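Analysis of the macromolecular model
Listed here are the chains, written in short residue letters.
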Amino acid sequence: MWRLPAPLPHAIPFLSLCVAISLPLFDSPPCLFSSPQSDPPRQNLHSVLSKSVLTPPLRSPEATLHFSPNGKYLLLQDASGIAVLSTTPLAIVFYFASDDLYPAQFSADSEQLTAVSRSLSFVTWKLPGGTKVAAGDLLLHSDCLDGQLSPDAQYFACLTPDFKFSLVEISTQKSLFEDSINGPAHFSPGSVRSKTASSFMSFVSLDSDSAFSRPFGVIRTSNPRVSPGRSLSSSSIYFCADSKVLMINLPRAGFGLDLTARKRFDVSDRFQKMKTGALALQGADRAVVIEEEKDKETKSSIISLKNGRVLASPHFTADRLRLASNPRYIILHTFESGRSGAGAFDLTESRLLDVPHNASMDVFEDLMALYDSGGLVALYRVGDRELLSSLRVPLVALPVLSAASVSPGLEQLAISVGGEGALFQVSSGKRSSTFGKFTAANFSDQRNAILLQANSRHDPPRVLRVDVSNGETSPAWEIPKNVALHSNGPVLLEYSYKPEIITARWDFEVPEAQTPFRLRALDPASGKELWKRDFGANAPTPFADPQGDRLVLGWKAKSWDAKEAASRNPAVKLIYKNAKLTDQDSFFEALDARTGKSLGGILVQVGSGPISFDSAFSVGDTMILVKDSVRISLFSLADGQLKARLVGVGPSVSAESKLLALDLESGRLGIYDSNSGVKLQQFIFPDSIAYTRFSADGTRLFVLTQHQAAVILDVSKVREAHTENPAAEGKN
């Protein structure tokens, strides 16, 4: 067994960091890596109790690496952005930071690079300098459930939530081909299918892995929508390497498209039994595939696109396939025990290449490029173990956090991104343990952490007990089948369907509503049931809060359950009595996560029902609602009144100190009174902020930046400082 070069000591100068750019703007040049000589951004940091850098930093192993058509460049893309590297010498050309991109592609002449955002904006850069040469919006009638750029970046293929297919030409932004998939045969991750009226009613999961409050559960809707769960590499749209043919392959539906003639053609039904990503088009009429047998064993084949006839039978296993830049090789991606890896199979000699463990790879002619989760890119000749060159890609931006938790005293940090998670000692920044991706973390005591490890294609989800002193793990308890667990501070919330309800008939005239479900609160350490509750007709939208100790239920305000909950609070009962309710109004109820006891609620007469809110959580006397990602409203549970409107992202609140920390972007962190919304103080970091969390007593604030600097601030005297300097309040 051979390995990639050993990692070099990794250090990130805290004051010379490159600020990430948001893709939807498309107005700024790519973000170049900062050098130690760069002028540090303006900052205003004070009351700093400790500062460290997470070492080694956490990177997402979910990345793709591929050569340009002429082999002159390498494109590395992960959940935080895209980096272009020259191959001779191996060096970074430029970087563009964004967590919301479809896979980017080089032009056929390798002179340009094009990227499309999930909001369907596009940009094209000239290489190597990264000068923007084109940008705009793709004129599609809907969001894309699935989307892919062609390998030459000329076309963008889109599959909409209502199962319409469109092919758009990037240079003109015009639709060249449109067609309808026969019936809603494709479902987003976590979706279920109705046994009645499936032709016009779809079921979409609201679940998304996040360190912040989010809605969860499954809704039924007559207005198809995109699920929040997205993957960079999972797609049902496949292009040939020469961009002359594409294929749409969905369960029970699919077709091929000749891009030259712009004509649709039928493909073999055999493809529709294959999992997403388990095929790669080798030519206009052949595909390399992985098929799963009844006993869950897999077999690999090369089959005809149109009739499904087996043309060859190479022997390899994989979970996802991708044709290498040299079509002689197929890239094999596997997911085992939470650890992803990539390999290459020689289709000519029918053998696996001997390569070190890596997260992604590609082959151009006889040049092999490998990328590992530590950020190292290495070049070799096929069949030769001698390293040609290597480069560690600087850490630029932290991918979106799947989970985050800090111990009550801020001594330990647990964070997870796509594919990997880790525990760190906050004071030193040293990584103490590494795990596969987890979606919940709870520090049950000073010695142990409880992790909910995400499921993979081969492994079910698991609850692990981790000794934080040595990283040793042991199973905590067994997760029941057919349930979904969500992090809610001191508990795990178990979401499941009642079998007798899931097949019942609903009032399909309502455009969008939650499906009936059962909720159980479980002790993270033991799995013991703390309380349970069934929700039938007119079920609420639940909002889990990984940072807090409350669960929020978002009810349709006109529902009997909402009115009953409101009647227990005299102030809200009076508001209800005097309000003219509409079908768009919501009632948000706060529950103690440990007991399920109602703690009060508020009536909200803005928005389009509770499903239209991004986040809802409650701390102390305050209910915090987030809409359109940045619009934050603070309501009082005592009188139900709106107290303040703020603009920012990632709010965190302390019940003890009644302080609210809010990311104002561009490194600005505002501290507010959580009851009134009055701004008390502002800190300016030389880096964007990824996550904040107050200590148990509310006197200290933990801040994690995008470049993984861990800072603890003393916020015990922010009210005194505000009293001495009232002008510090300012505007948000």
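Note that the structure is predicted; figures quoted are calculated from it, not measured. (Residues numbered from 1 in each chain as written. Predicted model: local features only at pLDDT ≥ 70, side-chain atom pairs only at ≥ 80, totals over all residues. Heavy atoms only, no water.)

**Here's the deal with the overall build of the protein chain**
- Scanning the protein chain from terminus to terminus reveals four helices and 60 strands.
- Residues classed as buried in the protein chain amount to 56% of the 732 residues present.
- Of all intrachain contacts in the protein chain linking residues separated by at least 6 positions in sequence, the fraction that spans at least 24 positions is 48%. (Helix = DSSP H or I, 4+ residues; strand = E, 2+ residues; numbered from the N terminus. Buried < 20%, exposed > 50% of the residue type's maximum accessible area, 1.4 Å probe, protein only. Contact = heavy atoms within 4.5 Å.)

**As for unusual backbone geometry**
- Note the cis peptide between Thr-55 and Pro-56, where omega equals -15°.
- The omega torsion across Leu-127 and Pro-128 is 10°, close enough to zero to call that bond cis.
- The backbone of Glu-665 sits at a positive phi, close to 70°, despite the residue not being glycine.
- The residue Glu-665 is located in strand β55 (residues 659-665) in this model.
- Of the residues examined, Glu-665 reaches a relative accessible area of 45% and is grouped as partly exposed.
- Even without being glycine, Gln-708 reaches a positive phi, approximately 65°.
- Secondary-structure assignment places Gln-708 in the loop between β59 (700-705) and β60 (709-714).
- The exposure class assigned to Gln-708 is buried, which follows from its relative accessible area of 0%.

**Here's the deal with the sheet that holds strand β40 (residues 473-477)**
- Ordered by their spatial adjacency, four strands build an open sheet running β37-β38-β39-β40, and the pairing between neighbours is antiparallel. Each of the sheet's edge strands pairs with one partner strand only, and the pair in question is β37 (438-442) and β40. Taken pair by pair, the neighbouring strands of this sheet meet at an average axis angle of 30°, ignoring direction.
- Of the pairings in the sheet, the one linking strand β39 (residues 462-467) to β40 comprises four bridges and is antiparallel in character. Each residue of the ladder has a partner; that of Arg-465, found in β40, is Ser-474. (Pairing = 2+ DSSP bridges. Axes fitted to C-alpha atoms, helices over the stretch in contact; angles between N-to-C directions.)

**Looking at the confidence of the model for the protein chain**
- With 86% of its residues at a pLDDT of 70 or more, the protein chain shows a mean pLDDT of 86.
- Taken together, the stretch residues 8-40 has pLDDT below 50 and engages in 75 contacts with residues farther than four places along the chain or on a different chain.
- Below a pLDDT of 50 lies the segment residues 183-199, which in the model reaches 35 contacts outside its immediate sequence neighbourhood of four places, other chains included. (pLDDT = per-residue confidence, 0-100.)

**Quick notes on the packing of aromatic side chains**
- Tallied over the entire structure, the rule returns 17 aromatic pairs.
- Judged by centre distance (5.7 Å) and plane angle (85°), the rings of Phe-165 and Phe-255 are edge-to-face. Of this pair, Phe-165 sits in strand β12 (residues 164-169) while Phe-255 is found in strand β19 (residues 253-258), placing the two residues 90 residues apart along the sequence.
- Among the residues examined, Phe-165 registers a relative accessible area of 0% and is labelled buried.
- A residue is classified by how much of its surface remains accessible, and Phe-255, at 1% relative accessible area, is buried.
- An aromatic cluster is defined as three or more aromatic residues linked by ring pairs; in this entry it consists of Phe-216, Tyr-495, Phe-517, Phe-535 and Trp-555. (Phe/Tyr/Trp six-rings, centres within 6.5 Å; stacked < 30°, edge-to-face > 60°.)

**Looking at the sheet that holds strand β51 (residues 622-627)**
- On the basis of which strands lie adjacent, the open sheet formed by four strands has the order β50-β51-β52-β53 and antiparallel pairing. Looking at which strands have only one partner, the edges of the open sheet turn out to be β50 (615-619) and β53 (642-647). Averaged over all adjacent pairs, the angle separating strand axes in this sheet is 20°, with direction ignored.

**Section: the nonpolar core**
- Core analysis: the biggest nonpolar cluster contains 27 residues, and Phe-216, Leu-493, Leu-519, Phe-535, Leu-551, Tyr-576 and Phe-587 have the highest contact counts within it.
- Sorting the residues of this core by element identifies β42 (491-496), β44 (517-522), β45 (529-535), β47 (550-556), α2 (560-567), α3 (570-578) and β48 (586-592) as the ones contributing at least two each.
- Discounting chain neighbours no more than four positions away, the residues touching Phe-587 are Leu-553, Gly-554, Trp-555, Ala-557, Ala-562, Ala-565, Ala-566, Val-572, Tyr-576, Gly-601, Ile-602 and Leu-603.
- Ranked by size, the runner-up nonpolar core spans 21 residues in total, among them Leu-58, Leu-401, Val-406 and Ala-690. (Core = buried A, V, L, I, M, F, W, Y, C linked by side-chain atoms within 4.5 Å.)

**Some details on the pattern of salt bridges**
- Tallying each qualifying case throughout the model produces 21 salt bridges.
- Between Lys-437 and Asp-209 there is a salt bridge whose closest N-O contact spans 2.7 Å. Remark: Asp-209 occurs in the loop between β14 (202-205) and β15 (214-215) and Lys-437 occurs in the loop between β36 (431-435) and β37; sequence separation between them is 228 residues.
- You can call Asp-209 partly exposed: its relative accessible area is 38%.
- Put simply, Arg-520 and Glu-494 hold a salt bridge, and the shortest N to O gap is 2.8 Å. Of this pair, Arg-520 sits in strand β44 while Glu-494 is found in strand β42, placing the two residues 26 residues apart along the sequence. Across the pair, exposure class does not vary: Arg-520 and Glu-494 are buried alike.
- Each of Arg-328, Asp-346, Glu-349 and Arg-351 takes part in a single network of salt bridges with overlapping partners. (Salt bridge = Lys/Arg side-chain N within 4 Å of Asp/Glu carboxyl O.)

**Brief notes about the environment of Ser-117**
- Here Ser-117 lies in the loop between β7 (112-116) and β8 (121-126).
- Each C-alpha atom of the pair Ser-117 and Leu-138 lies 9.9 Å from the other, and the pair is 21 residues apart in sequence.
- Polar side-chain contacts of Ser-117 include one of 2.8 Å to the side chain of Ser-119. (Polar contact = N/O pair within 3.5 Å; in protein donor to acceptor, adjacent residues only side chain to side chain.)

**A look at the pairing of strand β54 (residues 649-654)**
- Pairing analysis gives four bridges linking β54 to β55, with the strands arranged antiparallel. In the sheet register, Val-653 faces β55, and the bridge partner there is Leu-660.
- Linkage of β54 to β55, two consecutive antiparallel strands, is achieved through a turn of four residues, within which Lys-658 is found at a positive phi near 55°.

**Thoughts on the pairing of strand β23 (residues 298-304)**
- Extensive coverage of β23 is indicated by the burial of five of its seven residues.
- Summarising the sheet, strand β22 (residues 286-292) and β23 pair through seven bridges and their orientation is antiparallel. Across the sheet, the residue bridging to Ile-290 is Ser-300, located in β23.
- Judged from the two bridges that link them, β23 and strand β24 (residues 310-312) form a sheet pairing that is antiparallel.

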